[in-house]
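Structure assessment
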Amino acid sequence: MDDQSRKIRIGMVGGGFGAGLSPDAERVTRGGLGHPEGFLESLGNLYTDVAEALRPRESGSAPLDDVSYPTAWDGVMGIRFVESVVASHAAGGRWTDAGMAK
């Protein structure tokens, strides 16, 4: 075995960690995908996005329409989904409408 067999070479396709991701995903990807640090990074991204959404309120300008953090409506959809899964299970696996249309 030569000396190189014990080394790993890491290269970034396209020059960054987020190569091939959407622009929104690239903005919030700081480390390599699949690393445990991702949990802490996701919280940092969440706090940053909430702060960016609150800034227009302080200045009196229009709030952001497109946010990348969960909204109250996302929470409602999650609850409806879980409730429909429980109802489907109780009905023997029959399809159950979750009523998730806005």
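Reading guide: rules and limits
- The residue numbering used here restarts from 1 in each chain and proceeds along that chain's sequence as written.
- Side-chain atom pairs in this predicted model are given and counted only at pLDDT of 80 or more, local residue features only at pLDDT of at least 70, and totals for whole chains, interfaces and linings cover all residues.
- Values shown for side chains rest on all heavy atoms present in the structure; no hydrogens or waters enter the calculation.
- Elements are defined by DSSP. Helices are runs of H or I of four residues or more, strands are runs of E of two residues or more, and each kind is numbered from the N terminus.
- Throughout this description, buried means an accessible area under 20% of the type-specific maximum (1.4 Å probe, protein chains only), exposed means over 50%, and partly exposed covers the range between.
- We call two residues in contact when some of their heavy atoms are within 4.5 Å.
- Here the open area of atoms and residues is found with the Shrake-Rupley method and a 1.4 Å probe, where only the protein chains shown may cover a residue.
- One fewer than the residue count of a helix, multiplied by 1.5 Å, yields its expected span.
- Each patch groups residues whose relative accessible area exceeds 30% and which form no salt bridge, using 9 Å between like charges and 5 Å between nonpolar side chains of Val, Leu, Ile, Met, Phe, Trp and Tyr.
- Whenever Lys or Arg places a side-chain nitrogen within 4 Å of a carboxyl oxygen from Asp or Glu, that contact is recorded as a salt bridge.
- The score called pLDDT rates the predictor's confidence residue by residue, from a low of 0 to a high of 100.

Thoughts on the overall build of the protein
- On a plain count of helices and strands, the protein comes out with three helices and zero strands.
- Going from the N terminus to the C terminus, the protein shows its helices and strands as α-α-α.
- Counting across all 102 residues of the protein, residues that qualify as buried make up 9%.
- Within the protein, counting contacts between residues at least 6 apart in sequence, those at least 24 apart form 14% of the total.
- Surface exposure of the protein reaches about 8,500 Å², of which carbon and sulfur atoms provide 59%.

Remarks on the side chain of Asp49
- Structurally, Asp49 can be placed in helix H2 (residues 38-59).
- Excluding residues that lie within four positions of it along the chain, Asp49 makes contacts with Arg27, Ser68 and Tyr69.

Remarks on helix H3 (residues 72-90)
- Taking 1.5 Å of rise per residue, 19 residues should cover 27 Å, and H3 covers 27 Å from first to last C-alpha, within 8% of that figure.
- After H3 finishes, the residue Gly92 shows a positive phi value of roughly 75°.

Brief notes about a nonpolar patch on the surface
- Together, Phe81, Val82, Val85, Val86 and Met100 make up a nonpolar patch on the protein surface, roughly 440 Å² of accessible area in all.
- Among the structural elements, Val85 can be located in helix H3.

Brief notes about the environment of Glu52
- Structurally, the position occupied by Glu52 is in helix H2.
- For the pair formed by Glu52 and Pro63, sequence separation is 11 residues and the distance between their alpha carbons is 9.7 Å.

A look at H2
- Along its 22 residues, H2 runs 32 Å from first to last C-alpha, staying within 8% of the 32 Å computed at 1.5 Å per residue.
- By the burial criterion, the buried members of H2 are Asn45, Asp49, Ala53 and Pro56.
- Among the structural elements, helix H1 (23-27) are those in contact with the buried residues of H2.
- Gly60 lies just past H2 and shows a positive phi near 85°.

Some thoughts on the confidence of the model for the protein
- Considering every residue of the protein, the mean pLDDT works out to 75; 72% of them sit at 70 or more.
- The secondary-structure element of the protein with the lowest mean pLDDT is H1, recorded at 74, while H3 shows the highest, at 91.

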